[in-house]
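Examination of the molecular architecture
The lines below spell out each chain.
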Amino acid sequence: MIKCHKIEWPGCLSHTIFKFIEQGGWPERWHNDKKVHFFWGLGANNIPEIRRCQERGEDWYIVDVGYIGCEINRYPQPSVQDWSKTYWRICKGSLHNDLTNVSADDTRFKKILEEKPGYAYAIENYEQKEVPKLDKVLITPSSEGVSRFMYNDSQKNQIQQLARKLEEVGIDRKDMILRNKPRPGNMWWGTSIQDALKDVSVLVTNMSMCAIDACVLGVPVICDEKNICHSIATSDYSQINNLKTPTKEEIKTWAAKAANCQFLVSEIRDGTAYEYIK
């Protein structure tokens, strides 16, 4: 059986997304197995509920925005511009998918490419860039919720830890640039990650999906091993002076695998998503 942990706030997209899981026969498909839980991100009471799943040995999945495709509007309230072109990732036991054993069949990526979202086109036309001399480093920390879930720590402490790791490999604090997620009222509101990446030599993060922006735009990335971009980045800070950007073959393989971990709501409803993640 399955349980969809909808967030009570009426504006949450979980109400719509989980409706498609419930309509798609997912409860019947898993009716003989132990309980399977679906969570929309880490909001509300999701973190302690996931901890309880872990204690009981029950499978759990995170459902959230996809890796490649149309972006959603987040403020003042989440909304979807085009449901037929917006993808949702479904991750078993993690915030991001582990791409190790995911098929590299690029059929789904080619379908996304036909819809012409920005990064699919950029990936298709990607050319590996020479890594510039190390200069400024952009730090894009994980959110407070992710920091507490992944590392049992505050975002502030995680930022300090990233900075210390960079100092240990010779990076001066004055060459570190912090960029948090833009939210109404903060200093990054109205700015873009694309512009921020123009003036840096490397992006450093734990789980931020800004790693995707950097990899696609040819900026080397240091990230957590569980970040979706780990296969085309590194988690080894000692390599700060020997970083590389992905080859065209590497980034296209990554894109094909990532595309096989995200789904339209129509694919969630018709069972396509289930066949990929079961």
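Scope of this entry: the structure provided in the associated data block. Worth saying up front: this structure is predicted, and the values here are computed from it rather than measured.

A word on the nonpolar core
Judged by nonpolar contacts, the single largest core of 46 residues is most densely connected at I68 and W254. Elements supplying a minimum of two residues to this core: α3 (46-56), β3 (59-65), α4 (107-114), α5 (118-124), α6 (144-151), α8 (193-197), α9 (210-216) and α10 (248-259). Looking at this core element by element, the count peaks at 6 residues for α9. Ignoring any residue separated from it by four or fewer positions in sequence, one finds I68 in contact with Y87, F109, I112, A120, I123, W254, A255, A258 and Q262. Within the second largest apolar cluster, 26 residues are counted, among which are V36, W40, I72 and I277.

Some details on α3
The complete set of buried residues in α3 reads N46, I50 and C53. When α3 is viewed along its axis, its buried side chains cluster within an angular range of 55 degrees and face the same direction. In the segment just after α3, G57 is the residue with positive phi, at about 75 degrees.

Considering the packing of α4 against α10
Packed helix pairs are specified by the crossing angle of their axes together with the interaxial distance, meaning the distance between the axes. It is at 7 Å that the axes of α4 and α10 come closest, and there the two elements cross at 90 degrees. Classified by the angle their axes make, α4 and α10 are roughly perpendicular. Of α10, the residues touching α4 (which contributes R108, F109 and I112) are A255, A256 and A259. A breakdown of the residues in the contact of α4 with α10 according to their chemical character gives 5 nonpolar, no polar and 1 charged.

Cut-offs applied
- Residues numbered from 1 in each chain as written.
- Predicted model: local features only at pLDDT ≥ 70, side-chain atom pairs only at ≥ 80, totals over all residues.
- Heavy atoms only, no water.
- Core = buried A, V, L, I, M, F, W, Y, C linked by side-chain atoms within 4.5 Å.
- Buried < 20%, exposed > 50% of the residue type's maximum accessible area, 1.4 Å probe, protein only.
- Helix = DSSP H or I, 4+ residues; strand = E, 2+ residues; numbered from the N terminus.
- Contact = heavy atoms within 4.5 Å.
- Arc of directions from axis to C-beta.
- Axes fitted to C-alpha atoms, helices over the stretch in contact; angles between N-to-C directions.
- Parallel < 35°, antiparallel > 145°, perpendicular 65-115°, else oblique.
- Nonpolar A, V, L, I, M, F, W, Y, C, P; charged D, E, K, R; others polar.

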